[in-house]
Amino acid sequence: MQRRTFLSLSGAAALASCAPLRCSGRNHEVVRHRVQVSVDVQRKLAVIPHDFLGLGYEISSVAIPGLLSAENRSYVELVRTLSTGGVIRVGGNTSDDASFERDGQAVSAAKGSVVNRRNLQQLGSFLDATNWSLIWGLNLGSTNMGSTNLGSTGQEQAAAEAEAVAAVAKGRLLAFEIGNEPDLFGRGTGHRPKSYSYETYLSEFQRYKSAILAKLPQAPFAGPDVAGATEWVSKFAKDEGRDLKLLTHHYYRECANPSSTLDKLLNVDPKLAPKLAALRLASSTSNLPYRICETNSFCGGGKPGISDSFGAALWVLDFMFQLASAGCAGVNMETGLNQLGFVSSYSPIRQDGGGAYAAAPEYYGMLAFAYAGQGAIVATDCNPGGANITGYAVVSADRSLTVTIINKEASLYAGVSLSIPNNLGNARVFRLSAPSLQAKDNVTFGGAGISPDGTWTPLSKEFLHCTAGRGEIDVPAATAVVLKWMV
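Residues numbered from 1 in each chain as written. Predicted model: local features only at pLDDT ≥ 70, side-chain atom pairs only at ≥ 80, totals over all residues. Heavy atoms only, no water.

Peer 1: Even after reading the chapter, I still don't get the environment of Asp225, so can you show me in this structure?
Peer 2: With respect to the helices and strands, Asp225 occurs in strand β9 (residues 221-226). Note: C-alpha distance between Asp225 and Arg291 (66 residues apart in sequence) is 9.4 Å. At a separation of 2.6 Å, a polar atom in the side chain of Asp225 contacts the side chain of His250. (Helix = DSSP H or I, 4+ residues; strand = E, 2+ residues; numbered from the N terminus. Polar contact = N/O pair within 3.5 Å; in protein donor to acceptor, adjacent residues only side chain to side chain.)

What follows is the structure, encoded as structure tokens:
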């Protein structure tokens, strides 16, 4: 097949009607809601970097002996199954109450975590075993409470910690962040007076940066790592862009509360698109990539019964495509132990306290993206007829095409009419499914679950045949489908 032919679109023939299609089943009649999806492979929206996928950890997790270690075999495989080159981000609220003590006793705590040399050595082995890179957050919050003397001590501590981290991460160190969510220092975390501002943060950041550069002249930096003050990102890019590797920002749908429902999670967040547009503008203006380096469904550990349900798998798959379509360079899904001292409901990797680890529903949504999201996102016209159904398309480096359709409706069965390049034939079909949106178990992608050793081998033998650039596929309620055409 010639690649030039592959990249040509079929003509503008009409798609199937939007009228519901009824067909008789053995026991009942299925009503298909008609959805139209048209792919324009010549309109590239963004390129998905090879290290787009990431996981985020509180620094208290690093202080747990043996967790992030090459010896934790199943955990290593769970991470490698997602990506052979993602990004680990270590930070969170606990990082602004933590310290590095080279030969001290490791302490994993909501406040007062202590990371030692052995912890860092294990982390280095974990990075080597997974081939993932590292973003490391340094304590700005509790080491500098506005006092010049304390500030000097804090800078020295941060520089010593940075030196130790760089020694174990070696070439896998992507960047240091200085301070976690500094936009909340004066009002949420209480690390600073209420008068704390961006200008004050910038001054502190620059002092810490200078101390670190004195020990590590080539140290890479990222920031400002804000919770919600997107305007700080634009300012920071202008003020510090010459010394930065990337811009960083956090995102949660909201903090968990009685109104944090699955319906809210699965439907449009009106604040997300404007935030991404502002970040993309800051990125393009400064020529720096931006990353959502801490995120998940609902902050504060998630909402049990929602954040740990199959609905979260569909949400994260759609969310990652939204980010990638907006030019985001990557995303770090918060994982494991949180700042409140328990394993979050939203954690993509479960742990039972006895050393056993397994994929939670959200992990499967990330896995589906890992399979579908390698290459350049191209324009997709998805007409769902008012339903909560989305579609995305990616052209890979070898010019293969992947189309992902996500049906977030609880009871609406979709019949999808596809318009694709007219010379494509059979597509391999991978379905993301579970017994229900609320299911916490029996999730599969490509007909298979994650093995106890952390690996995944698809079992699906389903194929979709397209003729003259047209195809039809069913996407049942509360499922997603990934279609892949090979060159």
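Peer 1: I keep staring at the state of the cysteines and nothing clicks. Help me out?
Peer 2: As used in these notes, a disulfide is a covalent bond between sulfur atoms, one from each of two cysteines. Evaluated as defined, the whole model comprises one disulfide. Note on cysteine connectivity: Cys255 is disulfide-linked to Cys299, with sulfurs 1.8 Å apart. Torsion about the S-S bond of the Cys255 and Cys299 cystine: about -105°, corresponding to left-handed handedness. Remark: Cys299 occurs in strand β11 (residues 290-299) and Cys255 occurs in strand β10 (residues 244-255); sequence separation between them is 44 residues. (Disulfide = S-S within 2.5 Å.)

Peer 1: I would appreciate a short explanation of unusual backbone geometry in the present structure.
Peer 2: The phi torsion of most residues other than glycine is negative, and most of the peptide bonds are trans. The residue after Gly223, namely Pro224, is reached through a cis peptide bond having omega 5°. Here Pro224 is to be found in strand β9. Phi at Asp225 takes a positive value of approximately 60°, unusual for a residue other than glycine. Of note in the backbone geometry, Ala478 takes a positive phi value of approximately 55° without being a glycine. Position of Ala478 among the secondary structure elements: in the loop between β22 (470-475) and β23 (479-485).

Peer 1: Is there a simple way to think about the confidence of the model for the chain in this case?
Peer 2: Detailed conclusions should not be drawn from predicted coordinates in areas where pLDDT is low. In the predicted model, the chain carries a mean pLDDT of 91, and 92% of its residues have values of at least 70. Confidence drops under a pLDDT of 50 for residues 1-28, and excluding neighbours within four residues, the segment shows 62 contacts in the predicted structure. (pLDDT = per-residue confidence, 0-100. Contact = heavy atoms within 4.5 Å.)

Peer 1: Got a minute to help me understand the nonpolar core in this structure?
Peer 2: A general tendency of soluble globular proteins is for nonpolar side chains to be buried together. Leu134, Trp136, Phe176 and Leu432 are the most contacted members of the largest nonpolar core, which has 116 residues in total. Counting residues per element, this core draws most heavily on helix α10 (residues 310-325), which supplies eleven residues. Other than its neighbours up to four places away in sequence, Trp136 contacts Ile59, Val62, Val90, Leu120, Leu123, Glu161, Val165, Ala175, Phe176 and Glu177. With 26 residues, the next largest nonpolar core counts Val35, Ile405, Leu418 and Val475 among its residues. (Core = buried A, V, L, I, M, F, W, Y, C linked by side-chain atoms within 4.5 Å. Buried < 20%, exposed > 50% of the residue type's maximum accessible area, 1.4 Å probe, protein only.)

Peer 1: Help me understand the pairing of strand β19 (residues 426-433), please; the structure alone is not making it clear to me.
Peer 2: The two faces of a sheet get side chains in turn, since along a regular strand they alternate between them. Bridge count for β19 against strand β21 (residues 463-465) is three bridges, and the pairing is antiparallel. Bridging from a neighbouring strand, Asn426 pairs with His465 of β21. Judged from the five bridges that link them, β19 and β23 form a sheet pairing that is antiparallel. Within β23, the position partnered with Phe430 by the bridge is Val482. Note: β19 against strand β20 (residues 444-445), two bridges, orientation antiparallel. Bridging from a neighbouring strand, Ser433 pairs with Thr444 of β20. (Pairing = 2+ DSSP bridges.)

Peer 1: Sorry, what's going on with helix α3 (residues 73-82) here?
Peer 2: The periodicity of an α-helix, 3.6 residues per turn, causes residues three or four positions apart to be oriented the same way. Every buried residue of α3 is accounted for by Ser74, Tyr75, Val76, Leu78, Val79 and Leu82. Contact partners of the buried residues in α3: β3 (53-58), α4 (117-130), β13 (349-351), β14 (357-359) and α11 (361-372).

Peer 1: Just checking my understanding: could you explain the packing of α3 against α11 for this structure?
Peer 2: Angle between the axes and distance between the axes are the two parameters that describe a pair of packed helices. For the pair α3 and α11, the least separation of the axes is 8 Å and the interaxial angle reads 45°. In terms of axis orientation, α3 runs oblique to α11. Seen from α3, the contacting residues are Leu78, Thr81 and Leu82; seen from α11, they are Tyr363, Met366, Leu367 and Ala370. (Axes fitted to C-alpha atoms, helices over the stretch in contact; angles between N-to-C directions. Parallel < 35°, antiparallel > 145°, perpendicular 65-115°, else oblique.)

Peer 1: Sorry, what's going on with the sheet that holds strand β12 (residues 331-334) here?
Peer 2: The strands that make up a sheet pair up through hydrogen bonds in the backbone, lying either parallel or antiparallel. The strand order around the closed barrel formed by eight strands is β3-β4-β7-β8-β9-β10-β11-β12, and the pairing between neighbours is parallel. Strand-to-strand twist of the sheet, defined as the mean angle between neighbouring strand axes without regard to direction, takes the value 25°. Note: β9 against β10, five bridges, orientation parallel. If you follow Pro224 over to β10, its bridge partner there is Thr248. In the packing of α4 onto the sheet, contacts are made with β4 (87-91) and β7 (133-138), and the angle to β7 comes to roughly 150°.

Peer 1: Is there a simple way to think about the packing of aromatic side chains in this case?
Peer 2: The description of an aromatic ring pair rests on the distance of the ring centres and on the angle between the ring planes. This structure, assessed with the given rule, holds 21 aromatic pairs. With 6.1 Å between their ring centres and 70° between their planes, Phe205 and Phe221 make a pair best called edge-to-face. With Phe205 in helix α6 (residues 198-215) and Phe221 in strand β9, this pair connects stretches of sequence that are 16 residues apart. An identical accessibility class is assigned to Phe205 and Phe221; each is buried. Ring centres 6.0 Å apart and planes at 70° place the aromatic pair Tyr371 and Phe445 in the edge-to-face group. With Tyr371 in helix α11 and Phe445 in strand β20, the pair connects residues that are 74 residues apart, well separated along the chain. Given the relative accessible area of 0%, Phe445 is considered buried. (Phe/Tyr/Trp six-rings, centres within 6.5 Å; stacked < 30°, edge-to-face > 60°.)

Peer 1: I'm lost on the pairing of strand β15 (residues 376-383) in this one. Help?
Peer 2: In this sheet, strand β16 (residues 389-395) lies alongside β15 in antiparallel orientation, the contact comprising three bridges. The residue of β16 that forms the bridge with Ala376 is Val395. If you look at the hairpin formed by β15 and β16, you'll find five residues sitting between the two strands, and Gly385 has a positive phi there, around 65°.

Peer 1: What should I look at first to understand the pattern of salt bridges in this one?
Peer 2: It is possible for side chains bearing opposite charge to pair when their charged atoms get close. One pass over the full model with this rule turns up 20 salt bridges. Here Arg32 and Asp474 are joined by a salt bridge, their closest N and O atoms 2.4 Å apart. In this pair, Arg32 sits in strand β2 (residues 29-47) while Asp474 sits in strand β22, placing the two residues 442 residues apart along the sequence. Judged by relative accessible area, which is 12%, Arg32 ranks as buried. Across the salt bridge formed by Arg350 and Asp441, the nearest N and O atoms sit 3.1 Å from each other. Of the two residues, Arg350 is situated in strand β13 and Asp441 in the loop between β19 and β20; the sequence distance between them amounts to 91 residues. Asp441 sits in the partly exposed class, given a relative accessible area of 46%. (Salt bridge = Lys/Arg side-chain N within 4 Å of Asp/Glu carboxyl O.)

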